[in-house]
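Spelled out, the chains give:
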Amino acid sequence: MRYRTLGTNPATRRKVSVLSLGAMLFGTRTDEDTAFAILDRFVEAGGTFIDTSNNYAFWNTGSQGGESETIIGNWRRSRGIGDEIVIATKLGARPLAPGTSYTDNAEGLSAKVIRESAEASRERLGVEKLDLLYAHIEDPDTGLTETVEGFAALVEEGTVGLLGVSNHWAWKVERARAVAAAAGLPGYEVLQYHHTYLRRRTDIPGQLSRDGDIGVFSGELQNYVRNNPALTLVAYSPLLTGAYTRTDKPIDYPLEHAGTPARRAVLDEVVKETGATANQVVLSWLIDSDIPTIPLAGASSLAQLEENLAAADLVLTEDQRARLDAVH
């Protein structure tokens, strides 16, 4: 396993594995025994970075979420896991009532919600400090200053380490970071967005905005991270829920555009040359990107996890990377 550092402040920065384990379905579609086995193997292989959220996975149960955090907390306690494992969680998109969703009834990002939801996450996870806490989705009803100050207060109290942001427009990320910097407060240092080798259209309206898909790592965000070396990208859904390798998982509509066949063709070439799977080549391509990137990949079985872990040791040649990058 290889590692990289999140954050710049010596008091809060953390060294993590270059592959993050997504725990979204733990406690719902993935039962506790299987989840424990996956977590054990991930740590045995040198993995140190686990991702969850306070709303995972409400859509599978009709609840408000929290099942994933609970499973991770149970695993930590049963294994005696301490702060050697970095756990990232998110708040802001937890439904306020069972049977509702983040699209119509999200908790939001007020100072009150930030404090109360962070405390609830700490209790479920069984930790005194959240290593990395994200603002999960935008909250149009709360001012940025309140949100920035709400997160910063927890960092200053020592109950949160690093701060991150997901599913926000680029201008909102920059504005929030500028507000924090002007006030001398800690701001977002980790960005979590959907990013993979095949390019997703960003102009198609998404669940959270009619102006496009707010969760995609767009060209604007790529340029932003490239020019702010203190930032790190965590790339979620890098394997397209299996679409790279499974015939029963077709490429979805936002990826069906003129550049997709050409990128898929060169990906297939590199797969043949390396003897690796398409999933492993994609993960390797992300890990060694010129933009600091940590792919976030879930696993519902040990076989899936083993395939992903092998990608951390796969290093593409300069020629292979150049060919992959040259296709648009």
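Structure: above.
This one's a predicted model, so the numbers in the text were calculated from it and none came from an experiment.

Reading guide: rules and limits
Residues numbered from 1 in each chain as written. Predicted model: local features only at pLDDT ≥ 70, side-chain atom pairs only at ≥ 80, totals over all residues. Heavy atoms only, no water. Core = buried A, V, L, I, M, F, W, Y, C linked by side-chain atoms within 4.5 Å. Buried < 20%, exposed > 50% of the residue type's maximum accessible area, 1.4 Å probe, protein only. Helix = DSSP H or I, 4+ residues; strand = E, 2+ residues; numbered from the N terminus. Pairing = 2+ DSSP bridges. Right-handed = clockwise from strand over helix to strand, strands pointing away. Phe/Tyr/Trp six-rings, centres within 6.5 Å; stacked < 30°, edge-to-face > 60°. Lys NZ or Arg CZ within 6 Å of the ring centre and 35° of its normal.

A. View of the nonpolar core. Counting 74 residues, the largest nonpolar core has Phe151, Leu191, Tyr197, Leu267, Val281 and Leu324 as the members making the most contacts within it. In terms of residue count, the dominant contributor to this core is helix H9 (residues 278-287) (6 residues).

B. Seen up close, the pairing of strand E9 (residues 232-236). By the criterion of burial, E9 is predominantly enclosed, with 4 of the 5 residues buried. Examined bridge by bridge, strand E8 (residues 190-194) and E9 share 5 bridges and lie parallel to one another. Looking at the pairing, Tyr193 lines up with Ala235 of E9. Remark: the E8/helix H7 (residues 219-226)/E9 crossover connection has right-handed handedness.

C. Molecular detail of the packing of aromatic side chains. Taken as a whole, this structure holds 5 aromatic pairs when the rule is applied. Each ring, one from Tyr56 and one from Trp59, has its centre 6.0 Å from the other, and the planes form 80°; the classification is edge-to-face. Here the aromatic residues Tyr56, Phe58, Trp59 and Tyr102 are joined through ring pairs into a cluster of three or more. The ring of Tyr197 carries the charged tip of Arg263 above its face, separated from the ring centre by 3.9 Å.

D. Main features of unusual backbone geometry. With an omega dihedral of -10°, the bond running from Tyr56 to Ala57 counts as a cis peptide bond. Of note, Ala57 is situated in the loop between strand E4 (49-51) and helix H2 (58-61). At Ser237, a residue that is not glycine, the phi angle is positive and equals roughly 50°. Within the secondary structure layout, Ser237 lies in the loop between E9 and helix H8 (260-274). Residue classification places Ser237 among the partly exposed positions, given a relative accessible area of 34%. Residue Thr241 is not a glycine yet carries a positive backbone phi of 50°. Relative to the assigned elements, Thr241 resides in the loop between E9 and H8. On the accessibility criterion, Thr241 (58% relative accessible area) is exposed.

By themselves these figures say nothing about function.
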